[in-house]
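Letter by letter, the chains look like this.
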Amino acid sequence: MTASVTSAPAIVRTIPEMRKAIREYRSQASPGATVGFVPTMGFLHEGHASLIRRSNLDNGLTVLSIFVNPLQFGPNEDFERYPRDESRDLEVAAAAGADIVFLPSVEEMYPRRTATQITVAGVTERLCGASRPGHFDGVGVVVTKLFNIVSPDRAYFGLKDAQQVAVVERMVQDLDQPVEIVPCPIVREADGLAMSSRNVYLSADERREALVLSRTLAQVPAWIASGMTAERLEAAVTAGISASPLAVIDYVEALTYPSLTPPAADVPLSDADERLIVAVAVKFGRTRLIDNILISVPEA
Ligand code: PAF
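The model shown is predicted, which means the values in this text are computed figures rather than measured ones. (Residues numbered from 1 in each chain as written. Predicted model: local features only at pLDDT ≥ 70, side-chain atom pairs only at ≥ 80, totals over all residues. Heavy atoms only, no water.)

A few points about unusual backbone geometry
- Cis peptide bonds are those with omega within 30 degrees of zero, and the linkage from Tyr257 to Pro258 qualifies with 10°.
- Relative to the assigned elements, Pro258 resides in the loop between β7 (247-256) and β8 (275-284).
- With a phi close to 45°, Ser151 is a non-glycine residue in the positive phi region.
- Among the secondary structure elements, Ser151 is positioned in the loop between α6 (135-150) and β5 (154-158).
- Its relative accessible area of 36% is what places Ser151 among the partly exposed residues. (Helix = DSSP H or I, 4+ residues; strand = E, 2+ residues; numbered from the N terminus. Buried < 20%, exposed > 50% of the residue type's maximum accessible area, 1.4 Å probe, protein only.)

Here is the structure:
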């Protein structure tokens, strides 16, 4: 199987079929040909398409998975109503150039209760790890299963969920999983809203108000350059977002990246010699959005 920009991808729904497709590709491909993997929960947008295109540039074969993973949703979260549209997703996957789309059912992925846990300590203590208990344990299990099924050389993750990237990178290092993690930039709408499958939940008013996130985060480099400490920066970001009457803040945190630990208190962030992240989670109505900015301090 070879990468093609326009042909329809092969659709695979079972684990044995997926393993067979990879075995066949590797047995026929030229030596050194690599497999790229883009794990998703579907309802694909331009952010996902950019990951597929990047994988196509780097690899001979690109596998996209679409699986809404029940293990990473809490009991009061949106697993049941998470948006799903298989036929539209297949069109996006074909246009972006995926070669294989892996679409397993919940029964295929979890034929029995999963007794094995994967907890990545430390990097999951804050941000979404704190707000969504168990979320990253569910991500760890599904990503490990998908890596075991697809056996990719590289896997592509968007930095909109920068904590997920840090968690997966740490898991791969700790468990010697033989895959290179490729973090990819956040893709935004023309007006700045970070692309997310959950944006579809927003009403017109909420969609407009949600722009406060990217507008506020865009001021972070200047605020750091002006000598703010982490505490003052978090207060400035909180005030910026609170200007929207619809915004209900879950968290605003300035941390080092990828360790996700607090920077030294009382020291201006402009003096930090580590990468920093300012990450936010904010609800607009029933929709919880996340966004962030990653900064290498000399850039600020
Ligand atoms: O980022 C996502 O869409 C999901 O967390 C992932 C990586 C596909 C695992 O279910």
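Some points on empty space enclosed by the protein
- Under the criterion given, the structure shown has 1 cavity of 30 Å³ or more.
- Considered as a void within the structure, the largest cavity measures approximately 70 Å³ in volume.
- Along the wall of the largest cavity there are 13 residues; nearest its centre are Lys160, Ala162, Tyr251, Ala279 and Asn292.
- For the lining of the largest cavity, the per-class residue count stands at 8 nonpolar, 2 polar and 3 charged. (1 Å grid on protein atoms, 1.4 Å probe; cavity = no way out; pocket = protein on both sides within 12 Å on 5 of 7 lines; lining within 4 Å. Points joined across faces, edges and corners; volume = space filled by probe spheres on them. Nonpolar A, V, L, I, M, F, W, Y, C, P; charged D, E, K, R; others polar.)

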